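Geometric and topological summary
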Amino acid sequence: MTPALATDAINAAIAHAHGRGGGEVVLPAGRHLSFSIRLLSGVTLRLEEGCVLEAADPTRHGGTYDPAEPNPHDLWQDFGHSHWRNSLIWGEDLEDVAILGPGRIDGAGLTREGPGSRWSRQAGEFPLSMLGLSAEAMAELSPAIEAMAGLGNKAIALKRAKRVRIEGLTIFRGGHFAVLATGCEDLSLRDLVIDTNRDGLDIDACRDVLVSGCRVNTPNDDAIVLKSSLALGEAIATERVTIERCEVSGFDLGTMLDGTFGRDQQRAPDQDRVTGRIKLGTESNGGFRDIVVRDCRLIRSRGLALEVVDGGMMENVLAERLVMREVTTAPIFLRVGDRRRGPEGTPLGAMRNIVLRDIEATDILPDYAATIAGLPDSPITDVTLSNIRLSYRGGGLPEWTERRPEDLPQAYPEPSMFGPSPVHGLWARYVDGLKIEDLAIYTVAPDPRPERLFENVRETETA
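The structure displayed is predicted, hence computed values, not measured ones. (Residues numbered from 1 in each chain as written. Predicted model: local features only at pLDDT ≥ 70, side-chain atom pairs only at ≥ 80, totals over all residues. Heavy atoms only, no water.)

**Considerations on the pairing of strand E5 (residues 51-55)**
Defined as follows: The rule is simple: take the accessible area with a 1.4 Å probe, protein chains only, and divide by the maximum for that residue type; under 20% is buried, over 50% is exposed, in between is partly exposed. Put simply, DSSP H or I for four residues or longer makes a helix, DSSP E for two residues or longer makes a strand, and each gets a number counted from the N terminus. Two strands are said to pair when DSSP picks up at least two bridges between them.
Within E5, 5 of the 5 residues are buried, which leaves it mostly tucked inside the rest of the structure. Residues Cys-51, Leu-53 and Ala-55 line one face of E5 and the alternating positions Val-52 and Glu-54 line the opposite face, and both faces are buried. Two elements, E5 and strand E8 (residues 104-106), share 3 bridges in a ladder whose sense is parallel. Along E8, the bridge assignment pairs Glu-54 with Asp-106.

In C-alpha cells, the structure reads:
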C-alpha cells in the first residue's frame, strides 16, 4: 500500500519550528513519501532509526517537485549545478540548520538526468545555451527541457547556508547529486552512507568544510567532489576543506548498502571504467585553496584527480595516507587544461604547491600511468611525491611505448583523454618543480613500457 504524501505536514512542521525561533522536526520510524521539503533557518530535520524518507514520483504520486528557479548565471555549469529548488530537501540563505540520521533517504522518485545530458561529454558539459547547436537541434532538445518541469534531481541541495550539519544519514539513489552544497560556510558532513546512481557529495564554492567518516559508492560518477563554479554569479574559491577517514567506491548500485559489493558493471556512462573517486574540479573558476585529503580508502575507484580547466588557482593541496585498491583508471591525475568555460576574460588556470605523500595503490589498470600534465603556458608548479607505492597489473602493449599524445588543452579532463600512457608508472609533462622522495612502482605481470617519462619537467633535488 502506497503511503499518503507527507509533504505538506513536514513543511508545516518546519515552518512552525522556524516561527518559534528554531527547533527540531522529527520523522519517526516508517515510510514517509514526499515532494520538495523546504528547510528553514534554525531547524533540525531528524530521521529516526527505521525512518525512510522516500522521494515521490510525479508520474505515480499526484504531485511535483518545486520548479528549478531562474538563474541568470547558468551559462557556465550544467543544469544540476545551477538550480537547487528542484530537490527533495532544499534551502537557501539559511543559518544553523541540520539534517540528521540515523534514518534513510530513498530517492526512488528522483531523476539522475538533466536537459542535454546526452550531449555532456561531446560538448565538455556545456549548458545547452553554450553548445552552439542548430535551431533544429535545440528544438529537438526542447521536449527534454520541458520534461524536467516538476521533476526532482537532487536529494539535498543547499545554497548560501551557514553553520550546517548533515550527519548520520543513509542516502540511496540520490539523483544527480545526493548532496549539493553551493556557497556554504561552516559545513559538516559526517558519517554519511551514500549509495547512489550519480554524484555523491558535491561541494561548490564553499569554505570551512569538514567531510569525515563518510562511505560513498558511485559507480557512474564522482563520489566526493569539490568544485568552484560560477553558479552564484561570481568566482568564489572553495577553501579550507578537510576530507578525512572516508571510503569511496564504484561497486554496483545498491551493493555497498546490501553488503554484496557487486562488480557486474564495468563502465560508467562516459565509457571509461567505473568512477567512485575523490576529485577537485572540473569547474574551477573560483579556484581551490588549502585542501586536505587524508586517511581515506578508494576501492574500485578512478583514484585521486586534481583538475583546473576553467581558470582559477588550485594551491596548497595535501593528500596523505591514502589507500587505493582496484584502481580503474590512473591512481593520481593532476591536470591543468584550457577549457576556460566562463565569461570573456576568464584566465588560464594554474596549479601549485601540491603534496602527495604516504599513498599505496594496488591492482591498478595498466592503461594509464599516474599522470601530472600541465600546459606550456601554465606548468604545474611545486609538486612533491613522497612515500608513494604504485602496483600495476602490467601487461601493457609494446606499441604504447611510442605514443606521444598531443597536449589536448580543451579536452574534458580524464586520464583516458590521452589514450594509453607511453609508460607504465609515472608520466609528467610541463611541471616546474617536481620533487620525488621514495617512489616505488611495480607491475604484477611484465610490462614492456619504461617506468617513467618526464617531458618539459624541472625536477628539484631532495634535501
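**Thoughts on the confidence of the model for the protein chain**
Where we set the bar: Here pLDDT means the predictor's own confidence in every residue, given as a number from 0 to 100. In this description, contact between two residues means that some pair of their heavy atoms is separated by no more than 4.5 Å.
Chain-level pLDDT for the protein chain is 93 on average; 92% of the residues reach the 70-or-more range. Segment residues 116-142: pLDDT under 50, and 33 contacts once partners within four positions in sequence are set aside and those in other chains are kept.

**Side note on the pattern of salt bridges**
This is how it is decided: Salt bridge, as applied in this entry: a Lys or Arg side-chain nitrogen positioned within 4 Å of an Asp or Glu carboxyl oxygen.
Tallied over the full model, the rule gives 44 salt bridges. Of the charged contacts in the structure, one is a salt bridge between Lys-227 and Asp-202, with a shortest N-O distance of 3.9 Å. Of this pair, Lys-227 sits in strand E18 (residues 224-227) while Asp-202 is found in strand E15 (residues 199-204), placing the two residues 25 residues apart along the sequence. Across the pair, Asp-202 and Lys-227 agree in class, each one buried. A salt bridge links Glu-247 to Arg-297, with the shortest nitrogen-to-oxygen separation between them at 3.2 Å.

**Here we look at the side chain of Thr-328**
Put simply, the test is: N or O atoms closer than or at 3.5 Å make up a polar contact, with two conditions inside protein: a donor-capable atom paired with an acceptor-capable one, and, for residues adjacent in sequence, both atoms drawn from side chains.
Its place among the elements puts Thr-328 in the loop between strand E24 (313-327) and strand E25 (332-336). Within the local environment of Thr-328, its side chain forms a polar contact with the backbone oxygen of Val-274, the two atoms lying 2.7 Å apart. Setting aside chain neighbours within four positions, we find Thr-328 in contact with Arg-273, Val-274, Thr-275, Arg-300, Ser-301, Arg-302 and Leu-365.

**As for unusual backbone geometry**
For the bond from Gly-101 to Pro-102, the omega torsion is 20 degrees, close enough to zero to count as cis. In this structure, Pro-102 sits in the loop between strand E7 (95-100) and E8. The omega torsion across Gly-281 and Thr-282 is 10 degrees, close enough to zero to call that bond cis. As for its position among the elements, Thr-282 is in the loop between strand E21 (278-280) and strand E22 (288-301). Despite not being glycine, Asp-363 shows a phi value in the positive range, around 55 degrees. Checked against the element boundaries, Asp-363 lands in strand E26 (residues 350-364). The partly exposed category is assigned to Asp-363, whose relative accessible area is 34%. At Asp-382, a residue that is not glycine, the phi angle is positive and equals roughly 60 degrees. Within the secondary structure, Asp-382 sits in strand E28 (residues 380-392).

**Remarks on the pairing of E24**
Of the strand pairs in this sheet, E22 and E24 are connected by 11 bridges, and their pairing is parallel. Paired with Leu-298 across the two strands is Met-324, which belongs to E24.

**With respect to the packing of aromatic side chains**
Two measures describe an aromatic ring pair: the distance that separates the ring centres and the angle between the ring planes. We count it as follows: Ring geometry is summarised as follows: Phe, Tyr and Trp rings, the Trp one being its six-membered ring, pair when their centres sit within 6.5 Å, and such pairs are stacked at plane angles under 30 degrees, edge-to-face over 60 and tilted between the two. The rule is short: NZ of Lys or CZ of Arg within 6 Å of the ring centre and within 35 degrees of the ring normal puts a charge over the ring.
Under the definition given, this model contains 3 aromatic pairs. We note Arg-429 situated over the ring of Phe-418; from NZ or CZ to the ring centre the distance is 5.8 Å.

**Some words on helix H1 (residues 7-19)**
Basically, it comes down to this: Expected helix span is taken as 1.5 Å per residue step, with the number of steps being one fewer than the number of residues. Read the arc as the range of directions from the helix axis to the C-beta atoms.
If you check H1, its first and last C-alpha atoms are 18 Å apart, about what 13 residues at 1.5 Å a residue would give, namely 18 Å. Of the residues making up H1, those classed as buried are Thr-7, Ile-10, Asn-11, Ile-14 and Ala-17. End-on, the buried residues of H1 take up no more than an arc of 125 degrees, which puts them together on one face. Relative to its buried face, H1 has exposed residues pointing more than 90 degrees away, namely Asp-8, Ala-9, His-16 and Gly-19. Elements that come into contact with the buried residues of H1 comprise strand E1 (23-27), strand E2 (30-34), strand E3 (37-38), strand E4 (43-47) and E5. In the stretch just after H1, Gly-21 is the one whose phi turns positive, near 95 degrees.

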